[in-house]
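The primary structure of each chain is shown beneath.
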Amino acid sequence: MKIISIVGSPKGSAGSTAALLKIVLEGAQSQGAKTETITIKGGEVKPCRACDVCHKTGVCPQKDGFNAIKQKVMEADALVLATPNYISHVSAQMKAFLDRCCGVVHCIGFQGKYGASVVTSGGGDEEPIADYLSDFLAITGGIPVGSVWSAMGQIEGYNFPEDTRKKAFLLGENLVVAWRDKETAHAHEPRAAQYRERMRSLVTWRKEEWPFEYKFWKECRGLK
Ligand SMILES: Cc1cc2nc3c(=O)[nH]c(=O)nc-3n(C[C@H](O)[C@H](O)[C@H](O)COP(=O)(O)O)c2cc1C
């Protein structure tokens, strides 16, 4: 099993989000997974320009790191999204990546990939951010397995409390078990089904404007 993780933090692999992610990945590795972590510190993935080219051709025309990262995700079995809490939401670095996945969202492009999310904060409010990332995984067709988070303000270094370490390690193990057992049930299923119907309808309506997505839906998503 191959897991791609994306860390959206200017501190990259030296930050607390990457430190918590590392424990998740140790759990996954203990079950035999191969892992690769990509850090987006800022600028590697620029904001979406709303040019609509991805909907028309299937490829983002911006010349930066996005298309290569997307390709790695497409080739992986699982995607772990890791972000610090920046003013009660994901970081701008992570949001730029998610926004650039607009064509993926229209095509339910991460269908069948297992997913997890990791959030750190100074003082709290991590859960809604983790839920937002699980929602992203679900609406792109993924199977969100779970999430882990930690407030760092009162932790020395990266000495996470034992229960957080256990939760993070278990999440990594569970990600591999879900993949191995081909689990498909998850809490976000109703939302994913509703979103899929919304995308089917939208892409059909815009078929002249977005030929790539219409063709993709016909060939790969069962559109009649
Ligand atoms: C621009 C910015 C905004 C932040 N906003 C919040 C916030 O709203 N709530 C919070 O609890 N922590 C906030 N923090 C603290 C970070 O979430 C926290 O330090 C996090 O662990 C950093 O992760 P990193 O080391 O991986 O970059 C903020 C930090 C920065 C730099």
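The preceding data block contains the structure.
Residues numbered from 1 in each chain as written. Predicted model: local features only at pLDDT ≥ 70, side-chain atom pairs only at ≥ 80, totals over all residues. Heavy atoms only, no water.

Asker: What is the right way to look at the pattern of salt bridges in this model?
Answerer: Where charged atoms of side chains with opposite charge meet at close range, the side chains can pair. What the rule picks out here adds up to nine salt bridges. The shortest N-O distance in the salt bridge between glutamate 26 and lysine 22 comes to 3.3 Å. Here the residue glutamate 26 and the residue lysine 22 both occupy positions in helix 1 (residues 16-30), the gap between them amounting to four residues, near one helical turn. With a relative accessible area of 53%, lysine 22 lands in the exposed category. Salt bridges linked by common partners bring Lys2, Glu36 and Lys72 together as one network. (Salt bridge = Lys/Arg side-chain N within 4 Å of Asp/Glu carboxyl O. Helix = DSSP H or I, 4+ residues; strand = E, 2+ residues; numbered from the N terminus. Buried < 20%, exposed > 50% of the residue type's maximum accessible area, 1.4 Å probe, protein only.)

Asker: Help me understand the sheet that holds strand 4 (residues 114-121), please; the structure alone is not making it clear to me.
Answerer: Picture the strands of a sheet paired through backbone hydrogen bonds; they go either parallel or antiparallel. Strand order in the open sheet made by the five strands is 2-1-3-4-5, with parallel pairing throughout. Either end of the sheet is taken by a strand with one partner, and the two such strands are strand 2 (34-39) and strand 5 (143-151). The average undirected angle you get between the axes of adjacent strands in this sheet is 15°. In terms of strand pairing, strand 1 (residues 2-7) meets strand 2 through six bridges, oriented parallel. (Pairing = 2+ DSSP bridges. Axes fitted to C-alpha atoms, helices over the stretch in contact; angles between N-to-C directions.)

Asker: What exactly am I supposed to notice about the packing of aromatic side chains here?
Answerer: Aromatic ring pairs are described here by two measures, namely the spacing of the ring centres and the angle between the planes. Taken as a whole and judged by the stated rule, the model has three aromatic pairs. Both rings, one in phenylalanine 66 and one in phenylalanine 97, keep their centres 5.8 Å apart while their planes meet at 50°; by these two values the pair is tilted. Pair noted here: phenylalanine 66 is in helix 3 (residues 66-75) and phenylalanine 97 is in helix 4 (residues 92-100), with a separation of 31 residues, a long-range link. We note that phenylalanine 66, like phenylalanine 97, is buried. With 6.4 Å between their ring centres and 75° between their planes, phenylalanine 110 and phenylalanine 136 make a pair best called edge-to-face. Pair noted here: phenylalanine 110 is in the loop between helix 5 (102-107) and strand 4 and phenylalanine 136 is in helix 6 (residues 126-139), with a separation of 26 residues, a long-range link. With respect to burial, phenylalanine 110 and phenylalanine 136 carry one shared label: buried. Positioned over the ring face of tryptophan 149 is lysine 167, at 4.3 Å from the centre of the ring. Here arginine 206 stacks its cationic end above the ring of tryptophan 210, 5.9 Å away from the centre of that ring. (Phe/Tyr/Trp six-rings, centres within 6.5 Å; stacked < 30°, edge-to-face > 60°. Lys NZ or Arg CZ within 6 Å of the ring centre and 35° of its normal.)

Asker: How do you make sense of unusual backbone geometry when you look at a structure like this?
Answerer: Leave glycine aside and you will find that most residues have negative phi; peptide bonds, for their part, are mostly trans. Positive phi outside glycine occurs at aspartate 52, with the angle close to 75°. For aspartate 52, the position within the fold is in the loop between strand 2 and helix 2 (53-57). Judged by relative accessible area, aspartate 52 falls into the partly exposed class, the value being 26%.

Asker: Got a minute to help me understand the site of the ligand in this structure?
Answerer: Near the ligand you find 16 residues, and of these Ser9, Thr17, Asn85, Thr120 and Gly123 are the closest. At 3.2 Å, a backbone N or O of serine 88 approaches an oxygen atom of the ligand. Burial of the ligand by the protein chains amounts to 70% of its free accessible area of 640 Å². Looking at the shell around the ligand, its residues break down into four nonpolar, 11 polar and one charged. (Near = heavy atom within 4 Å. Polar contact = N/O pair within 3.5 Å; in protein donor to acceptor, adjacent residues only side chain to side chain. Areas by Shrake-Rupley, 256 points an atom, 1.4 Å probe, with all protein chains shown as cover. Nonpolar A, V, L, I, M, F, W, Y, C, P; charged D, E, K, R; others polar.)

Asker: It is not clear to me how the packing of helix 8 (residues 189-205) against helix 9 (residues 211-220) should be interpreted in this structure. Could you clarify?
Answerer: The relative placement of two packed helices is expressed as an angle between their axes plus a distance between the axes. Two numbers describe how helix 8 lies on helix 9: the axes approach to 9 Å, and their chain directions differ by 125°. Classified by the angle between their axes, helix 8 and helix 9 sit oblique to one another. Here helix 8 and helix 9 pass one another in a crossing that is left-handed. Across from Arg196, Met199, Arg200, Val203 and Thr204 in helix 8, the residues of helix 9 making contact are Glu213, Tyr214 and Trp217. The residue inventory of the contact of helix 8 with helix 9, partitioned by class, reads four nonpolar, one polar and three charged. (Parallel < 35°, antiparallel > 145°, perpendicular 65-115°, else oblique. Left-handed = near helix turned anticlockwise from the far one by under 90°. Contact = heavy atoms within 4.5 Å.)

Asker: It is not clear to me how the side chain of threonine 140 should be interpreted in this structure. Could you clarify?
Answerer: Mapped onto the elements, threonine 140 comes out in the loop between helix 6 and strand 5. Taking the relative accessible area as the measure of exposure, threonine 140 reaches 0% and is therefore buried. From its side chain, threonine 140 meets the backbone oxygen of phenylalanine 136 in a polar contact 2.9 Å long. The contacts of threonine 140, once residues within four sequence positions are left out, are Val104, Val105, Ile108, Gly109, Phe110 and Gln111.

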